[in-house]
Structure formats: C-alpha cells, structure tokens
Amino acid sequence: MIKHLSEELLVKIFSFISPLELIDQVGLVCKRWRKVSCDSKVWATLDLYHHHNIRESQVRRMVRLHPHPTRLILRYRHDLSDRTFVWCFFHLKHLRTLDLSHCRQVNPRIISAIVQFCKNLRHLNVDGCPGFDNECLLILTGCRKLRHLSFSECETITDFGVNAMASFLPKLDSVLCDGVLALHDEFIQTMIIKKCDTITDLQLDGGNLTDEGVEMISEVRGIYNTFLLNDS
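Residues numbered from 1 in each chain as written. Predicted model: local features only at pLDDT ≥ 70, side-chain atom pairs only at ≥ 80, totals over all residues. Heavy atoms only, no water.

Chemist: Quick question: what am I supposed to make of the pattern of salt bridges here?
Modeler: Any two side chains of opposite charge can pair, on the condition that their charged atoms come close. Applying the stated criterion across every chain, the model contains 5 salt bridges. Residue Lys35 is joined to Glu7 by a salt bridge in which the shortest nitrogen-to-oxygen separation is 3.9 Å. Taken as a pair, Lys35 in helix α3 (residues 31-37) and Glu7 in helix α1 (residues 7-14) lie far apart in primary sequence, 28 residues in all. Accessibility expressed as a relative area gives 57% for Lys35, which makes it exposed. Looking at Glu7, the relative accessible area reads 35%, which means it is partly exposed. Ionic pairing is found between Arg77 and Asp79, a salt bridge with its closest N-O pair at 2.7 Å. A relative accessible area of 46% places Asp79 in the partly exposed class. (Salt bridge = Lys/Arg side-chain N within 4 Å of Asp/Glu carboxyl O. Helix = DSSP H or I, 4+ residues; strand = E, 2+ residues; numbered from the N terminus. Buried < 20%, exposed > 50% of the residue type's maximum accessible area, 1.4 Å probe, protein only.)

Chemist: Even after reading the chapter, I still don't get the pairing of strand β6 (residues 174-177), so can you show me in this structure?
Modeler: As a general feature of sheets, a regular strand has side chains that alternate between the two faces. A two-sided burial pattern is seen for β6, the buried positions comprising Ser174 and Leu176 on one face and Val175 and Cys177 on the other. The sheet contact formed by strand β5 (residues 148-150) and β6 spans 3 bridges and is parallel. Opposite Ser150, over in β6, you have Leu176 as the bridge partner. Handedness of the β5-helix α8 (residues 159-168)-β6 crossover: right-handed. (Pairing = 2+ DSSP bridges. Right-handed = clockwise from strand over helix to strand, strands pointing away.)

Written out as structure tokens, the structure is:
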C-alpha cells in the first residue's frame, strides 16, 4: 500500500519526521524513499527546538547534507556553541525565517554572521535574548530585506538602537518589542516619521509612553495591528 503513495504525499508525511530519522532510517529504506527524503520541501524547515535531542555534531552533519532550509528554529538551544551558530548561517544561505528566541548565545558576533551570510532573511525573532542590545540593532541594519523583527523582552534596547533600525531597514513592516521598557515617545516619533509608509504591525510596552505618544500611534492610518502592553 505504501509503495503506491505519490511522491507529493510522501513529502507531506516525511515533513513530520524528525531530521535524524530522515537521514538515519527513512533514507535507508529504498531508493525512492531516499530520493523523497532529500527533497527540498521536506527540509524547508529545520526545527532544532522541538527536536532538542539533536546534538551539535549531528546538527552540522544534517546542515552539510541538506543546506537548503528556508526556516531555522534554534529557540532555547543553549547547548550549541557560537561557532556552530555561525557555521549554520554560513551554510544556510537560503534562510528567510530565523528563530533565535531565548538563546543566550546571541551577541554582536552572531548578528554580524546573520547579516553577512543570510542575505535573503525576512523574519528574525530574538525575543528574550539577553545579549541582543543596541549594538546588535545597529549591525542588523545591514540586513536590508528584513520585514519582520521581534525583540520582545530584550531589556537593554533603547530609543537609540531603534532610531538606527527605523532609518536603515527600508522594508521593515512589523516590529514586536513588548517588554522593552526603555522605549519612550521618541521611539514612536521615529517610527512614524521614518517608517509610516511601511509599518503595519507594532507591539510594544506602553509603560514609558505619554498620552501624546499614544495619540501619535492612534493617528497613523497604516498601522492596522497595534498592542500597548502596560502592566502598571
């Protein structure tokens, strides 16, 4: 019965199988399964968060064999070294979506590697990364195709870093930064003056905004999705 399944259906089935099983088991069943298991659609997403048992050496092995994922999830992967992060970015040049949320390894060197090697990146999530600071934002301005940036709970970010982000990321249309308490009305002014023609999605902590800042947000027609999160 299984041998009569179309390749399209096999691709869908294989996409739910862990990367290690694809390489070490599925691909060894027969020539047809090996061919399908290497299909770029099967490897479109490399999820190392839900498959957290994959060790560092195994990560390098699968990236070497399958360097074409467009989506990489490294959330909470504290066990991987900076060197492996950079190595992955160097080989995964087709990445469009990268999730590094809650990774302690994120620092200016890591962001520099992303800018240098991931030229097609559109979505970046660095939520909860303690090392993501104003310097990282400045470096990230070299990622010119970036459309979505989420840096919620990155508490060292200030208006200075956001000014650079708004000035040099021309395609940015979504910014999620709730929990970044150091942002003030200047942040809103910058986003409105420099990004009002592209920004459509804005989520931030409103704790340090004045009534004037909130009013400025309400007057921007292009922003269709806005959340002000203020626990006070």
